[in-house]
Amino acid sequence: MEYLEYVKLALGAVLVYNFVLARFLGICPFLGVSKRLGTALGMSGAVIFVMTIACAITAAINQYLLNFRWGEKRFDLTFLQILIFILVIAALVQIIEIVLQKISPVLYRALGIYLPLITTNCAVLGSATLGAQMQYSVFKSTLFGFFSGVGFALALVLFSSLRERLELADIPRPFQGTAIALITAGILAMVFIGFSGLC
(Lines give C-alpha, C1' and ligand atoms only; values in the text may rest on other atoms or scores of the structure.)
Protein backbone atom coordinates (compact mmCIF):
# COMPACT_ATOMS: atom_id res chain seq x y z
CA MET A 1 0.00 0.00 0.00
CA GLU A 2 2.79 2.43 0.85
CA TYR A 3 4.45 1.67 -2.50
CA LEU A 4 1.35 2.88 -4.35
CA GLU A 5 1.34 6.05 -2.25
CA TYR A 6 4.89 6.84 -3.40
CA VAL A 7 4.01 6.10 -7.03
CA LYS A 8 1.04 8.46 -6.72
CA LEU A 9 3.28 11.11 -5.16
CA ALA A 10 5.81 10.75 -8.01
CA LEU A 11 3.25 10.81 -10.82
CA GLY A 12 1.43 13.71 -9.20
CA ALA A 13 4.58 15.81 -8.83
CA VAL A 14 5.95 15.07 -12.31
CA LEU A 15 2.84 15.01 -14.49
CA VAL A 16 -0.46 15.90 -12.83
CA TYR A 17 0.59 18.85 -10.65
CA ASN A 18 3.67 19.89 -12.64
CA PHE A 19 4.93 23.13 -11.13
CA VAL A 20 5.48 24.86 -14.47
CA LEU A 21 2.70 23.55 -16.68
CA ALA A 22 -0.11 22.90 -14.18
CA ARG A 23 0.59 25.18 -11.20
CA PHE A 24 2.27 27.88 -13.36
CA LEU A 25 5.16 28.47 -10.95
CA GLY A 26 8.75 29.05 -12.08
CA ILE A 27 7.84 30.58 -15.43
CA CYS A 28 10.77 33.05 -15.49
CA PRO A 29 13.56 30.45 -15.79
CA PHE A 30 11.25 28.27 -17.89
CA LEU A 31 11.03 30.95 -20.58
CA GLY A 32 14.50 32.43 -20.08
CA VAL A 33 16.71 29.33 -20.15
CA SER A 34 14.76 27.27 -22.67
CA LYS A 35 16.35 28.67 -25.84
CA ARG A 36 19.10 26.00 -25.88
CA LEU A 37 18.87 22.39 -24.76
CA GLY A 38 22.32 22.50 -23.10
CA THR A 39 21.45 25.36 -20.78
CA ALA A 40 18.04 23.80 -20.10
CA LEU A 41 19.72 20.57 -18.98
CA GLY A 42 22.13 22.49 -16.73
CA MET A 43 19.31 24.50 -15.16
CA SER A 44 17.27 21.30 -14.76
CA GLY A 45 20.06 19.63 -12.80
CA ALA A 46 20.48 22.68 -10.59
CA VAL A 47 16.73 22.95 -9.88
CA ILE A 48 16.41 19.21 -9.11
CA PHE A 49 19.31 19.47 -6.65
CA VAL A 50 17.99 22.62 -4.97
CA MET A 51 14.39 21.37 -4.77
CA THR A 52 15.39 18.00 -3.32
CA ILE A 53 17.78 19.34 -0.67
CA ALA A 54 15.55 22.34 0.12
CA CYS A 55 12.51 20.12 0.71
CA ALA A 56 14.53 17.80 2.95
CA ILE A 57 16.00 20.61 5.05
CA THR A 58 12.80 22.67 5.25
CA ALA A 59 10.74 19.60 6.22
CA ALA A 60 13.14 18.88 9.07
CA ILE A 61 13.10 22.54 10.17
CA ASN A 62 9.30 22.66 9.96
CA GLN A 63 8.84 19.41 11.86
CA TYR A 64 11.48 19.78 14.57
CA LEU A 65 12.00 23.55 15.03
CA LEU A 66 8.88 25.42 13.95
CA ASN A 67 6.41 22.99 15.59
CA PHE A 68 7.99 21.64 18.74
CA ARG A 69 6.79 20.70 22.21
CA TRP A 70 8.47 21.44 25.51
CA GLY A 71 6.75 19.27 28.06
CA GLU A 72 3.08 20.18 27.94
CA LYS A 73 3.65 23.39 26.01
CA ARG A 74 3.55 23.54 22.22
CA PHE A 75 5.47 26.31 20.50
CA ASP A 76 4.19 27.35 17.08
CA LEU A 77 6.77 29.31 15.11
CA THR A 78 5.26 28.65 11.68
CA PHE A 79 4.97 32.40 11.06
CA LEU A 80 8.73 32.26 10.34
CA GLN A 81 8.28 29.51 7.75
CA ILE A 82 8.65 31.48 4.51
CA LEU A 83 11.58 33.54 5.81
CA ILE A 84 13.50 30.44 6.91
CA PHE A 85 12.64 28.55 3.73
CA ILE A 86 13.96 31.40 1.56
CA LEU A 87 17.19 31.52 3.58
CA VAL A 88 17.71 27.77 3.11
CA ILE A 89 17.07 28.02 -0.64
CA ALA A 90 19.41 31.02 -0.99
CA ALA A 91 22.21 29.15 0.79
CA LEU A 92 21.77 26.12 -1.48
CA VAL A 93 21.86 28.30 -4.61
CA GLN A 94 25.07 29.93 -3.41
CA ILE A 95 26.64 26.47 -3.02
CA ILE A 96 25.57 25.54 -6.56
CA GLU A 97 26.95 28.79 -7.97
CA ILE A 98 30.34 28.20 -6.36
CA VAL A 99 30.48 24.56 -7.53
CA LEU A 100 29.39 25.38 -11.10
CA GLN A 101 31.86 28.25 -11.33
CA LYS A 102 34.69 25.83 -10.46
CA ILE A 103 33.52 22.72 -12.33
CA SER A 104 31.86 24.15 -15.47
CA PRO A 105 32.54 27.85 -16.13
CA VAL A 106 30.89 27.56 -19.57
CA LEU A 107 27.59 26.37 -18.08
CA TYR A 108 27.91 28.96 -15.30
CA ARG A 109 28.18 31.74 -17.90
CA ALA A 110 25.40 30.23 -20.05
CA LEU A 111 22.95 30.17 -17.13
CA GLY A 112 23.87 33.76 -16.32
CA ILE A 113 21.30 35.64 -14.26
CA TYR A 114 18.92 32.67 -14.16
CA LEU A 115 21.11 30.74 -11.73
CA PRO A 116 20.75 33.27 -8.89
CA LEU A 117 17.08 33.54 -9.80
CA ILE A 118 16.59 29.99 -8.50
CA THR A 119 16.65 31.66 -5.08
CA THR A 120 13.44 33.49 -5.89
CA ASN A 121 12.03 30.74 -8.11
CA CYS A 122 8.54 30.29 -6.76
CA ALA A 123 8.53 26.62 -7.85
CA VAL A 124 11.33 25.85 -5.38
CA LEU A 125 9.67 27.79 -2.57
CA GLY A 126 6.31 26.31 -3.56
CA SER A 127 7.55 22.73 -3.29
CA ALA A 128 9.01 23.39 0.17
CA THR A 129 5.85 25.16 1.34
CA LEU A 130 3.52 22.49 -0.08
CA GLY A 131 5.54 19.77 1.63
CA ALA A 132 5.10 21.62 4.92
CA GLN A 133 1.38 22.24 4.36
CA MET A 134 0.75 18.59 3.51
CA GLN A 135 2.70 17.68 6.68
CA TYR A 136 4.92 15.24 4.81
CA SER A 137 7.64 13.46 6.74
CA VAL A 138 11.23 14.41 5.94
CA PHE A 139 11.59 11.39 3.64
CA LYS A 140 8.30 11.98 1.85
CA SER A 141 9.03 15.69 1.50
CA THR A 142 12.45 14.87 0.03
CA LEU A 143 10.81 12.56 -2.53
CA PHE A 144 8.23 15.23 -3.29
CA GLY A 145 10.99 17.79 -3.86
CA PHE A 146 12.95 15.42 -6.09
CA PHE A 147 9.97 14.50 -8.26
CA SER A 148 8.83 18.12 -8.42
CA GLY A 149 12.30 18.97 -9.71
CA VAL A 150 12.07 16.14 -12.23
CA GLY A 151 8.71 17.55 -13.38
CA PHE A 152 10.27 21.00 -13.74
CA ALA A 153 13.17 19.46 -15.70
CA LEU A 154 10.80 17.50 -17.94
CA ALA A 155 8.84 20.63 -18.81
CA LEU A 156 12.02 22.65 -19.39
CA VAL A 157 13.69 20.03 -21.60
CA LEU A 158 10.53 19.42 -23.65
CA PHE A 159 10.04 23.14 -24.15
CA SER A 160 13.66 23.82 -25.07
CA SER A 161 13.59 20.94 -27.58
CA LEU A 162 10.47 22.41 -29.16
CA ARG A 163 12.00 25.89 -29.27
CA GLU A 164 15.11 24.58 -31.02
CA ARG A 165 12.90 22.88 -33.61
CA LEU A 166 10.85 26.06 -34.05
CA GLU A 167 14.00 28.00 -35.00
CA LEU A 168 14.20 25.84 -38.12
CA ALA A 169 10.51 26.20 -38.97
CA ASP A 170 9.00 28.74 -41.33
CA ILE A 171 6.95 30.84 -38.90
CA PRO A 172 4.95 33.90 -40.01
CA ARG A 173 6.68 37.14 -39.05
CA PRO A 174 4.14 38.29 -36.37
CA PHE A 175 4.52 34.99 -34.51
CA GLN A 176 8.31 34.81 -34.47
CA GLY A 177 10.25 35.00 -31.21
CA THR A 178 8.41 35.31 -27.93
CA ALA A 179 4.93 34.97 -29.45
CA ILE A 180 5.49 31.45 -30.80
CA ALA A 181 7.27 30.49 -27.57
CA LEU A 182 4.24 31.50 -25.50
CA ILE A 183 1.84 29.74 -27.86
CA THR A 184 3.98 26.59 -27.63
CA ALA A 185 4.08 26.82 -23.83
CA GLY A 186 0.30 27.13 -23.76
CA ILE A 187 -0.16 24.04 -25.93
CA LEU A 188 2.34 22.13 -23.78
CA ALA A 189 0.38 23.17 -20.67
CA MET A 190 -2.83 21.87 -22.25
CA VAL A 191 -1.11 18.54 -22.89
CA PHE A 192 -0.13 18.29 -19.21
CA ILE A 193 -3.69 19.14 -18.13
CA GLY A 194 -4.65 15.91 -19.85
CA PHE A 195 -2.85 14.05 -17.03
CA SER A 196 -5.23 15.53 -14.43
CA GLY A 197 -7.31 12.36 -14.03
CA LEU A 198 -4.23 10.21 -13.40
CA CYS A 199 -3.95 10.78 -9.63
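Residues numbered from 1 in each chain as written. Predicted model: local features only at pLDDT ≥ 70, side-chain atom pairs only at ≥ 80, totals over all residues. Heavy atoms only, no water.

*Asks:* Before we go on, may I ask you to explain unusual backbone geometry in this structure?
*Replies:* Most peptide bonds are trans, and most residues other than glycine sit at a negative phi. For F24, which is not glycine, the phi dihedral falls at a positive 60°. By the element assignment, F24 lies in the loop between α1 (2-16) and α2 (27-32). When its relative accessible area of 49% is taken as the criterion, F24 is described as partly exposed. (Helix = DSSP H or I, 4+ residues; strand = E, 2+ residues; numbered from the N terminus. Buried < 20%, exposed > 50% of the residue type's maximum accessible area, 1.4 Å probe, protein only.)

*Asks:* Looking at this structure, I do not really get the nonpolar core. What am I missing?
*Replies:* Where a protein is soluble and globular, its nonpolar side chains tend to be buried together. Counting residues in each nonpolar core, the largest one holds 42 residues, and the members touching the most others are L21, F30 and I118. Mapped onto this core, the elements with two or more residues apiece are α1, α3 (37-66), α4 (81-103), α6 (122-133), α7 (138-168) and α8 (178-193). Here this core gets nine residues from one element, more than from any other, and that element is α3. In contact with L21, other than residues within four places in its own chain, are F30, A155, A185, L188, A189 and F192. (Core = buried A, V, L, I, M, F, W, Y, C linked by side-chain atoms within 4.5 Å. Contact = heavy atoms within 4.5 Å.)

*Asks:* Just to check I follow, could you spell out the side chain of T39 for this structure?
*Replies:* Looking at the element boundaries, T39 is found in helix α3. For T39, a relative accessible area of 15% puts it in the buried group. Among the polar contacts made by the side chain of T39, one reaches the main-chain carbonyl oxygen of V33 at a distance of 3.1 Å. (Polar contact = N/O pair within 3.5 Å; in protein donor to acceptor, adjacent residues only side chain to side chain.)

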